[in-house]
Structures are given as C-alpha cells and as structure tokens.
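Per-entry structural report
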Amino acid sequence: MWQSVFGILIQTIKMKKPFWILLMFALLININCGTTESGSNDNEVEKTVSIVEKFGKLSVSGNKIVDQNGEPVVLRGMSLFWSQIKGKYYNYDCVKWLRDDWKCTIVRAAMGIEQADGLDGYLVNPQTEYDKVITVIDAAIDLGIYVIVDWHDHHAHNNKEEAIEFFKRIATKYGDKPNVIYEIYNEPMQISWKDDVKPYSEEVIKAIREIDHDNLIIVGTTTWSQDVDIASNDPLNFNNLVYSLHFYASSHKQDLRDKAVAALNNGVALFVSEFGTTEYTGDGFIDEAEVEAWFKFMEANKISWCNWSIGDKDESSAALKPGANAKGVWKDSDITKSGMILKNKIYEFNKELFN
Ligand code: MG
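First, a word on scope: everything that follows refers to the structure included in this document. Every chain begins its residue count from 1, and numbering advances along the sequence as written. Local features in this predicted model are restricted to residues of pLDDT 70 or higher, and side-chain atom pairs are both shown and tallied only at a pLDDT of 80 or more, whereas totals for entire chains, interfaces and linings draw on every residue. Processing note: side-chain calculations cover all non-hydrogen atoms of the structure and skip hydrogens and water entirely.

What follows deals with the pairing of strand E9 (residues 270–276). Extensive coverage of E9 is indicated by the burial of seven of its seven residues. Any two strands with at least two DSSP-identified bridges between them are counted as paired. What counts as a helix is a DSSP run of H or I of at least four residues, what counts as a strand is a run of E of at least two, and both are numbered from the N terminus. Strand direction decides the pairing type here: strand E8 (residues 241–248) and E9, joined by five bridges, are parallel. Residue pairing for E9: Ser244 is matched across the bridge by Phe271. In this structure, E9 lies alongside strand E10 (residues 304–310), joined through three bridges in parallel fashion. Throughout, exposure labels follow a simple rule: accessible area from a 1.4 Å probe, protein chains only, divided by the maximum for the residue type, with under 20% read as buried, over 50% as exposed, and the rest as partly exposed.

In terms of residue burial, strand E5 (residues 146–152) counts as a mostly covered element, since seven of its seven residues are buried. Along E5, one buried face is formed by Tyr146, Ile148, Asp150 and His152 and the opposite face, lined by Val147, Val149 and Trp151, is buried too. Of the strand pairs in this sheet, strand E4 (residues 106–112) and E5 are connected by seven bridges, and their pairing is parallel. Among the inter-strand pairings, Ile106 is bridged to a residue of E5, identified as Tyr146. Crossover handedness is defined by viewing with both strands directed away from the observer: a clockwise path from the first strand over the helix to the second marks the crossover as right-handed. Crossover connection from E4 via helix H5 (residues 126–143) to parallel E5: handedness right-handed. Relative to strand E6 (residues 180–183), E5 runs parallel, the two sharing four bridges. Bridge pairing in E6 places Ile148 opposite Ile181. Crossover E5 to E6 through helix H6 (residues 160–174) is right-handed.

Within this scheme, the nonpolar core is defined by two criteria: the residues are buried Ala, Val, Leu, Ile, Met, Phe, Trp, Tyr or Cys, and they are joined through side-chain atoms within 4.5 Å. Core analysis: the biggest nonpolar cluster contains 107 residues, and Trp102 and Ile310 have the highest contact counts within it. The element contributing the most residues to this core is H5, with eight residues. Residue contacts are counted whenever heavy atoms from the two residues lie within 4.5 Å of one another. Once you skip the residues sitting within four places of it in the chain, Trp102 turns out to touch Met78, Trp97, Ile310, Ala319, Trp330, Ile335, Gly339, Leu342, Lys343, Ile346 and Tyr347.

If you trace the eight strands once around the closed barrel, you get E3-E4-E5-E6-E7-E8-E9-E10, paired in parallel fashion. Looking at each pair of strands side by side, their axes are set apart by 25° on average, direction ignored. The pairing of strand E3 (residues 76–80) with E10 spans five bridges and is parallel. Paired with Ser79 across the strands is Trp308, a residue of E10. On top of the sheet, H6 reaches E4, E5 and E6; it is set at about 165° to E5, its chief contact. Geometry is summarised by axes, namely lines fitted to C-alpha atoms with helices restricted to the contacting stretch, and by angles between N-to-C directions that run from 0 to 180 degrees. Along the sheet, helix H7 (residues 193–209) contacts E5, E6, strand E7 (217–219) and E8; its crossing angle with E7, the most-contacted strand, is approximately 170°.

By definition of the ideal shapes, four donors in a tetrahedron about a metal sit 109.5 degrees apart, and six donors in an octahedron sit 90 or 180 degrees apart. Of the protein atoms, only Gly175 (O), Asp212 (OD), Asp214 (OD) and Asn215 (OD1) coordinate the magnesium ion, at distances of 2.1 to 2.3 Å. A 2.8 Å cut-off from the metal defines N, O and S donors, relaxed to 3.2 Å for Na, K and Ca; water is not in the atom list, so some sites may appear incomplete. Sequence spacing of the donor residues for the magnesium ion, all on one chain, is G-x36-D-x1-D-N. The same class applies to Asp212 and to Asp214, which are both buried.

In this section: the packing of helix H10 (residues 254–265) against helix H11 (residues 288–300). Two quantities define a packed helix pair, namely the angle between the helix axes and the distance between the axes. In contact at an axis separation of 11 Å, H10 and H11 are set at 10° when each is read in the N-to-C sense. The orientation of H10 relative to H11 falls into the category roughly parallel. Contact with H10, carried on its side by Leu256, Arg257, Ala260 and Val261, involves Glu290, Ala293, Trp294 and Phe297 of H11 and no other residues of that element. For the contact of H10 with H11, the residue count by class is six nonpolar, no polar and two charged. Under this scheme an angle from 65 to 115 degrees is roughly perpendicular, one under 35 degrees roughly parallel, and one over 145 degrees roughly antiparallel; angles in between are oblique. As a working rule, the residues Ala, Val, Leu, Ile, Met, Phe, Trp, Tyr, Cys and Pro are called nonpolar, Asp, Glu, Lys and Arg charged, and the rest polar, with Gly in that last group.

Here is the rule: rings of Phe, Tyr and Trp (six-membered ring for Trp) pair when centre to centre is within 6.5 Å. Planes less than 30 degrees apart are stacked, more than 60 are edge-to-face, and the remainder are tilted. Across all of its chains, the model carries 20 aromatic pairs by this definition. Taking 5.5 Å as the distance between ring centres and 70° as the angle between the ring planes, the aromatic pair formed by Tyr122 and Phe166 counts as edge-to-face. Placement of Tyr122 in the loop between E4 and H5 and of Phe166 in helix H6 is noted, with a sequence separation of 44 residues between them. Side by side, Tyr122 and Phe166 carry an identical accessibility label, which is buried. Ring geometry for Tyr130 and Phe166: centres 6.3 Å apart, planes at 90°, overall edge-to-face. Of this pair, Tyr130 sits in helix H5 while Phe166 sits in helix H6, placing them 36 residues apart in sequence. One exposure class covers both Tyr130 and Phe166, and it is buried. Site record: aromatic cluster; members linked through ring pairs are Phe247, Phe275, Trp294, Phe295, Phe297, Trp305 and Phe349. Only Lys NZ and Arg CZ are tested; either one counts as a charge over a ring when it is within 6 Å of the ring centre and within 35 degrees of the ring normal. A cation sits over an aromatic face here: Lys103 above Phe354, 5.3 Å from the ring centre. Over the aromatic face of Tyr130 sits the side chain of Arg169, whose NZ or CZ is 3.6 Å from the ring centroid.

Following this line, the structure appears as structure tokens:
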C-alpha cells in the first residue's frame, strides 16, 4: 500500500500542484494515526480485571468462603481505625493507595458506635459516621475490591434497633454489590452467646436477609470475638454466615488456634476481621514468631483477614506513624514496625492476584 501512496505522491509533485501535495500528506498522516488508534484499541480489550471481577459474588460452602466458581478464596487487607477517631483515613485516595501500593484485596470500615477515646460515634453523630463509611464503600466498589462494613461496637446487643436501621439502609443501597460484607457486632465482651449475641444476631441478620439474600455476614463471637467454638456448637441458621475470630498475637496463641480448629471442625467458616501483631490492648510488644504462626494457620485453613489498623495513633498496633498523610503516598519511613510486617505480607500473598 505504501508503494502506491508514494507513487501517487511523486506523480503529484511532478505535476507541480501544491494543493494535491498537501492533500496527500494529510492523507498519509491520517492513515498513520488510524493504524496507531486501532492498535491501542486492541490493547484496551486486555484491560486489567479487578479483584471483585475475578472472584465475584462470595458465598460460604462448608467451612470456607468460596468465589463465584466455588473455589476457596482468601482475602487479605487492612482495617481502618475507629471512624470517629481516625476518620481522616476514610477517603478514596487512601483506599486506592492500600489497593495499589499494599495490594489489599479488602478494607474494613470500622464505624465507631459508642464513645471511644472521648469521642462520640454513630449513636450521637449518625450522619457524620455514616458518610465516612459510605465514602469507603463507594471507593472499594469503584476500585474493585471487597469492603467490610463493621458495626464497631462492644455492646451492640444494647443498640440493636440502631444496628437494624443502619444495616437495612446499607443492604438497600448496596445489597446487589458483591463487594460488600456486613459485620454486625465487632466484639461482644464476656456475655452469653445463647442469651445475648445469638438473639441479637438473629434479628439483625433477618432484617438484612429480607433485603439482601446473599452477601456475606460476619457474626461476632463472645469474649472479644474469640469464642468461635461456642458459636459453632450453637450456630445460626442462615446462609453465607462467617464467624469472627479476633486475635492479638502477643497475647493469644495456640489455645486460641485450638478453639478455631474446633469451630472449623464443627463446620462453620471463620473470618479474622481484626487482628493485631501486638498485645490485646493494641499496644505493647510485637511477638514476631507468633505473628508468623498465625499467618501460617490462616493460610493453611484459608481464613481471610484484616489487620488492625490503618491509623496513626501512637500505639504499636497502628500501621502508620503519627502525622502520616491521610491520602496514602506513605514512604516506608511513615510506616511503623507492625505496618511494615503487614505491608510486606499483604504484598507477598496478594501481588499475583493483581496480574
Ligand atoms: Mg446481595
């Protein structure tokens, strides 16, 4: 084709007609651009598939979370700190940074309900805290990762009506989005599974299921979400439920892993929606050998997890040093010892999922 184009061009030059010369050059440039454009269109067909496009709608099969093809899936990411305390990290850029730089496939929005560190939560400022959570959910949907909507409360059974109203609102708005996972009671304390947590959970789950029939629901267990064995002996009768197992590696060790094994053997699925590398207070020393033992345990049993936490509070479980940028863009020098353990682990486990 090029030979004929040049042939015509040379002929027009010989004919000494400048208008035709200009026209031929314009044609040449156009042909060239057209070729480039169709090339880039071909590349666009191979665009990156997001994590949620890859795994799709999650469900529970036996004691595992499975993807849209029925294959076990493990989600690994970070929990944000209490929304009323470190709400500055509840923004699109921060979630995007956690996906792109840390390779998180999930984030957890921990909506503070009662007062914490002297700051009121959702019960006093419902719209303020709701808006923060919505921002994180919308970001996760846009970025194609999963998001836990966590009722971050130690006394949720006393705040049941508010929880039901909130989760009905979330289910109505997002029940058709595979990204969204409900967590209805962060950490019940030393109360009764049978008389307190189970009846609360039944009512909240029933309200969600009237609107959203299938998205995963994480159910809190007693003793700060450690008694998964007790819950598994008297489970709830709904589809796609997982029970939360929380640990702080320097305090909770093989004894707690034994409780988790008992629950798995009873046939329920577990989700470590929150864990720390530190002591149970969220502060103190980091037991790196125990952290490693827990990672091995979770991988072996295909248990998904979120680490506590993305926040810059001056305590050892915080992933960020005081003053770290609210919008991500963190250098390693902005990240704490615990944060670096998690950043490296998440990257190591998840990086291939983004190919
Ligand atoms: Mg649904």
